[in-house]
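# Structure assessment
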Amino acid sequence: MRDLEKGFIDKNKILEYVSEEQIFKLVFGYEPIVSQYVTSPFRLDNNPGCWFEYSPRGELRFVDFANNRVINGIRMSNIDCFDAVQVYFGLGNFYKTLEFIKEKLIDGKDIQPVARVIQPKKSIEKKSVKIYIEARNFDSRDGKFWSRYGISKQNLIKDKVFPVKRIKLLNTKKGNKLIRVYDPCYAFTNFKDEKKKIYRPYKKGRGKFLTNCRADDIGEVDSVPTVGRQLVISKSYKDCRVLRNENLNSVWFQNEGMVPSSEILISLCKGYNEVVVFFDNDEAGIQASSKITSIINKFFPGKAKSLYLPEHLNLEYNISDPADLYHRMGPAYLKEFLKKNL
């Protein structure tokens, strides 16, 4: 620490001795984990909708779309670890911030400088579409929509489903976009690599679903056991949660037309005695289910089967999936159907 002891101090010199994560910890009380939603210490915030991410230059940033303030020239919507310390502790300028960090994390400690590791960014990652959200509090609209399927606020929180009031898209074919939503809108966020799926249930046509997920991104896959008697594959979050509320091991695919790779299917199914593909009882659902069961049975003969609701429910009541059945016929009807068929 000879240079620092002589009084020479700058941002890069500080980062030779401590990491950005350690500096952020001075403010947050923990070292950040990328892609987890957190609350902001810079404003009254009880609803996790902020996150940490690495910039294309490899810098760790704290992102909070809901904070539009500018403090001492610092735009609080997107700050680095030095900005965070300066604002949180009310330090007058950047140099005082460096001195503060040096005093708290470096002085008196037997640490040696190390080369700073910059998070690598592949060119393909820079071009991939990214989705960021600004979450809002749950309100009566959410209760009205989800309760018809027996899905509670606690279910949604556990499954990392957030109500949304603003969406930011980066790297789309038409550039970056900011979308403000005034109708009920939800983000399914329980995927790896910060991927998300946006769902606007009352929107018609294009825009009802928005995602940067791929076929291999399976919903709720991390919250089911890897071994068991039976796994049910559904085609939507709603169906999956309705089935999980009936104590079934269930996951959901992005849609009926997106089939995960054979490698992913093998990993998903190998620990179960039986796999049931429970898609819609229309032509598209039946064809997709048949395709997926055939792939699974190719690797595990006789393990997979298809399940559909009776055709008359679709023809007479427009009921094609488990969530619709719960909503229109009631939980007892669904429970009886599952008891007879699973």
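Here the structure is shown first, and the text comes after it.
A quick note: this is a predicted structure, and the numbers were derived from the prediction, not measured.

Rules used throughout
- Residue indices follow the written sequence of each chain, beginning from 1 at its first position.
- Where totals are concerned, whole chains, interfaces and linings use all residues; where local detail is concerned, this predicted model gives features only for residues with pLDDT of at least 70, and gives and counts side-chain atom pairs only at 80 or more.
- Heavy atoms throughout the structure, all of them, feed into the side-chain values; hydrogens and water do not.
- We count a stretch as a helix when DSSP gives it H or I for four or more residues in a row; a strand needs E for two or more, and each element gets its number in order from the N terminus.
- Each residue gets one of three labels from its accessible area relative to the maximum for its type: buried under 20%, exposed over 50%, partly exposed in between, using a 1.4 Å probe on protein chains only.
- Whether two residues touch is decided by their heavy atoms; if any such pair falls within 4.5 Å, the residues are in contact.
- Areas reported as accessible are Shrake-Rupley estimates using a 1.4 Å probe. Residue values count occlusion only from the protein chains shown.
- His is not counted here, nor are the chain ends, while Lys and Arg score as positive and Asp and Glu score as negative.
- Taken as the charge location is NZ of Lys, CZ of Arg, CG of Asp or CD of Glu.
- Think of each axis as a best-fit line through the C-alpha atoms, taken over the contacting stretch in the case of a helix, with angles from 0 to 180 degrees between the N-to-C directions.
- Our angle categories are set so that under 35 degrees counts as roughly parallel, over 145 as roughly antiparallel, 65 to 115 as roughly perpendicular, and the remainder as oblique.
- Only Asp, Glu, Lys and Arg are considered charged, only Ala, Val, Leu, Ile, Met, Phe, Trp, Tyr, Cys and Pro nonpolar, and every remaining residue, Gly among them, polar.
- Only the six-membered ring of Trp is used, alongside the rings of Phe and Tyr, when aromatic pairs are assigned; centres must lie within 6.5 Å, and planes under 30 degrees apart are stacked while those over 60 apart are edge-to-face, with the rest tilted.
- Lysine NZ or arginine CZ positioned within 6 Å of the ring centre and within 35 degrees of the ring normal marks a charge as sitting over the ring.
- Pairs of strands are assigned from DSSP output, requiring at least two bridges between the strands.
- Helix span, expected: 1.5 Å multiplied by one less than the number of residues in the helix.
- Our arc is simply the arc of the directions from the helix axis toward the C-beta atoms.

### Considering the overall build of the protein
Within the protein, the secondary structure is distributed over 14 helices and 15 strands. C-alpha atoms of the protein, sized along the principal axes, occupy 80 × 45 × 35 Å. Taking all 342 residues of the protein together, 47% fall into the buried category. Across the protein, the fraction of contacts at a sequence separation of at least 24, relative to all contacts at a separation of at least 6, is 58%. Surface accessibility of the protein: about 18,100 Å² in total, with carbon and sulfur atoms responsible for 49%. Across the protein, the centroid of the 58 positively charged side chains sits 3 Å from that of the 42 negatively charged ones.

### A closer look at the packing of helix α4 (residues 81-88) against helix α5 (residues 94-105)
Following both chains from N to C, one finds α4 and α5 inclined at 95 degrees, their axes separated by 9 Å at the closest point. Our classification of the angle between α4 and α5 gives roughly perpendicular. Seen from α4, the contacting residues are Phe-82, Val-85 and Gln-86; seen from α5, they are Phe-94, Thr-97, Leu-98, Phe-100 and Ile-101. Its residues assigned to classes, the contact of α4 with α5 comprises six nonpolar, two polar and no charged.

### Comments concerning the packing of aromatic side chains
Counted according to the given criterion, the structure contains 28 aromatic pairs. Ring geometry for Tyr-88 against Phe-89: centres 5.0 Å apart, planes inclined by 80 degrees, an arrangement best described as edge-to-face. By relative accessible area, Phe-89 is classed as partly exposed at 33%. Centre to centre, the rings of Tyr-237 and Trp-252 are 6.4 Å apart; their planes meet at 75 degrees, and the pair counts as edge-to-face. Here Tyr-237, found in helix α9 (residues 237-244), pairs with Trp-252, found in strand β13 (residues 250-252); they are 15 residues apart in sequence, far enough to count as distant. An aromatic cluster is present here, built from Phe-145, Trp-146, Tyr-149, Tyr-186, Phe-188, Phe-191, Tyr-199, Tyr-202, Phe-209, Tyr-237 and Trp-252 joined pairwise through their rings. The ring of Phe-209 is capped by Lys-197, whose NZ or CZ atom sits 5.0 Å from the centre of that ring. A cation over a ring is seen here: Lys-303 above Phe-300, with NZ or CZ 4.4 Å from the ring centre.

### A word on the sheet that holds strand β2 (residues 60-63)
The strand order across the open sheet formed by three strands is β1-β2-β5, and the pairing between neighbours is antiparallel. On the outer flanks of this sheet lie β1 (51-54) and β5 (78-79), each paired with one strand and no other. Pairing geometry for β1 and β2, over four bridges, is antiparallel. For Trp-51, the partnering residue across the bridge sits in β2 and is Val-63. Along the sheet, helix α3 (residues 20-28) contacts β1, β2 and β5; its crossing angle with β2, the most-contacted strand, is approximately 30 degrees.

### Topic: helix α11 (residues 283-299)
With 17 residues, α11 should cover 24 Å at 1.5 Å per step; its first-to-last C-alpha distance of 25 Å lies within 8% of that length. Within α11, burial applies to Gly-285, Ala-288, Ser-289, Ile-292, Thr-293 and Ile-296. Down the axis of α11, the buried set is contained in an arc of 130 degrees. They therefore lie on one face. For α11, the exposed residues set more than 90 degrees away from the buried face come down to Glu-283, Gln-287 and Lys-298. Where the residues of α11 are buried, they touch β12 (228-234), α10 (262-269), β14 (272-278) and β15 (304-307).

### Re the environment of Pro-163
Locating Pro-163 in the fold gives a position in strand β7 (residues 161-172). It is 7.8 Å that separates the C-alpha atoms of Pro-163 and Asp-142, two residues lying 21 residues apart in sequence.

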